[in-house]
Amino acid sequence: MRAVGQNDKSRGKRWSPGGLRTGLVVLALAALAPGCGRGGTEVEPAGGQQPLEAPPARALDAYATKLRAAHAARTAAARRWGLKRVPLTAPPPPAKKPAITTRDGFEVDGHRRLDLPPVFTTVPTKDRVVFLTIDDGAEKDPAFLRMTNELRIPYTVFLSDYLAKEDYGYFERMRDAGVGLHNHTLRHPYLPALSHARQKREICGMQKVIEERYGERPALFRPPYGNYDKATLRAAKACGITHVPLWNAEVFADHWEYREWDRSLHPGDIVLSHFRGREDWKGTMPDMVRRFLNKVTAEGYAVGRLEDYL
């Protein structure tokens, strides 16, 4: 059986309350426009903010206040964490989810016939979003949790139990903040070397751990090292997995790596990183997030939540 391997947008004549409310929204939106930050900040608001839809008129006053407060908080957080610009706001989740199919060349024998979970590296979307995913759970840096919470940056986690069990509470705090926790096997083996039964134990076993610890059975699975075969996908399907997202780029604390020849980001790209610290990297988890956000923001991308598109 062939194993598939991956390396890892007239002035009115009379005063009216509606006019005041509209004015407040205009002011609030203006506060989000490039160049409108208060003097003295070293953080440049990013260009290309997506347009916001105004809510019903009765809620405009509160909406404007909420917008100003949220932007001020995010600007302050961006400055505090050393970002060059304020991260872009992601568009609303798509009302109709894109059709996810297996990337050409990533299929196994009988993939469609057996209705196996799709294996993909990019989500088909025209939204200028990318998705941050982080694997395994080795490093448990409290600063990473503070940084992503304060900046409100979504990400998706793929856990291996042999590392997560050192501090299940760390990932519980992620779950409570809305982070999706998904399956990366119990012990992170090279799956194509194992029988179907052993692969199933690795995947179903991790499904059980996450469901018991965090209250929800994962729908996403990432095979260790990006390596899988037909038995892997059959086992994953049997364990309740619906999607197998891999990645199109990888970010480290000090550099990027790319799958594509153009060495660029594209709408819908899935970006891989790992839970690592100075023992393994030339930097920390916050260093990695800083490098990630500086690049994607400069290139006009927002960070989306992967689960919202699946």
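Being a predicted model, the structure only gives us computed values, none of them experimental.

Conventions and cut-offs
- Residues numbered from 1 in each chain as written.
- Predicted model: local features only at pLDDT ≥ 70, side-chain atom pairs only at ≥ 80, totals over all residues.
- Heavy atoms only, no water.
- Helix = DSSP H or I, 4+ residues; strand = E, 2+ residues; numbered from the N terminus.
- Buried < 20%, exposed > 50% of the residue type's maximum accessible area, 1.4 Å probe, protein only.
- Core = buried A, V, L, I, M, F, W, Y, C linked by side-chain atoms within 4.5 Å.
- Salt bridge = Lys/Arg side-chain N within 4 Å of Asp/Glu carboxyl O.
- Expected span 1.5 Å × (residues − 1).
- Arc of directions from axis to C-beta.
- Disulfide = S-S within 2.5 Å.
- Contact = heavy atoms within 4.5 Å.

Moving on to the overall build of the chain. Secondary structure assignment for the chain yields eight helices and 11 strands. Of all 310 residues assigned to the chain, the portion counted as buried reaches 49%.

To continue, consider the nonpolar core. A general trend in soluble globular proteins is that nonpolar side chains are found buried together. Membership of the largest hydrophobic core comes to 47 residues, with the highest contact counts inside it found for Phe144, Met174 and Phe292. Ranked by residue count, the leading element in this core is helix α8 (residues 285–298), at six residues. Formed by 30 residues, the second largest nonpolar core is a distinct cluster that contains Phe106, Val119, Leu233 and Cys239.

Turning next to the pattern of salt bridges. Scanning the entire structure with this criterion turns up 12 salt bridges. Glu260 is the partner of Arg103 in a salt bridge, and the nearest nitrogen-oxygen pair spans 3.0 Å. Highlighted residues: Arg103 in the loop between β2 (85–86) and β3 (119–120) and Glu260 in the loop between β9 (256–258) and β10 (270–274), separated in sequence by 157 residues. Residue Arg103 is classed as partly exposed on the basis of its relative accessible area, which comes to 26%. Several salt bridges converge on common partners, so that one network encompasses Glu172, Arg175 and Asp176.

Over its 21 residues, helix α2 (residues 60–80) runs 30 Å from end to end, which matches the ideal 30 Å to within 8%, given 1.5 Å per residue. Along α2, the residues classified as buried are Leu60, Tyr63, Ala64, Leu67, His71, Arg74, Thr75, Ala77 and Ala78. Seen along its axis, α2 keeps its buried residues to an arc of 165 degrees; they face one direction. Facing away from the buried side of α2 by over 90 degrees, the exposed positions are Ala62, Lys66 and Arg80. Just beyond α2, the residue with positive phi is Gly82, at close to 75 degrees.

This part is about the state of the cysteines. According to the stated counting rule, one finds one disulfide in the structure shown. Each sulfur in the disulfide pair Cys204 and Cys239 lies 1.8 Å from the other. Negative torsions about the S-S bond denote left-handed disulfides, and the value of about -95 degrees found for Cys204 with Cys239 makes this one left-handed. Taken together, the residues span a long stretch of sequence, with Cys204 in helix α6 (residues 196–214) and Cys239 in the loop between α7 (230–238) and β7 (244–245) at a distance of 35 residues. In this structure Cys204 comes out as partly exposed when scored by relative accessible area, which is 21%. Residue Cys239 is classed as buried on the basis of its relative accessible area, which comes to 2%.

Along the chain, Ala236 turns up in helix α7. Apart from the residues lying within four places of it in its own chain, the contact partners of Ala236 are Ile203, Phe221 and Ile241.

This part covers α8. Taking 1.5 Å of rise per residue, the 14 residues of α8 would be expected to cover 20 Å, and the 20 Å separating its terminal C-alpha atoms lies within 8% of that figure. Counting buried residues along α8, 10 of its 14 residues qualify, which places the element largely inside the surrounding structure. Among all positions of α8, only Met285, Pro286, Met288, Val289, Phe292, Leu293, Asn294, Lys295, Val296 and Thr297 are buried. In the segment just after α8, Gly300 is the residue with positive phi, at about 85 degrees.

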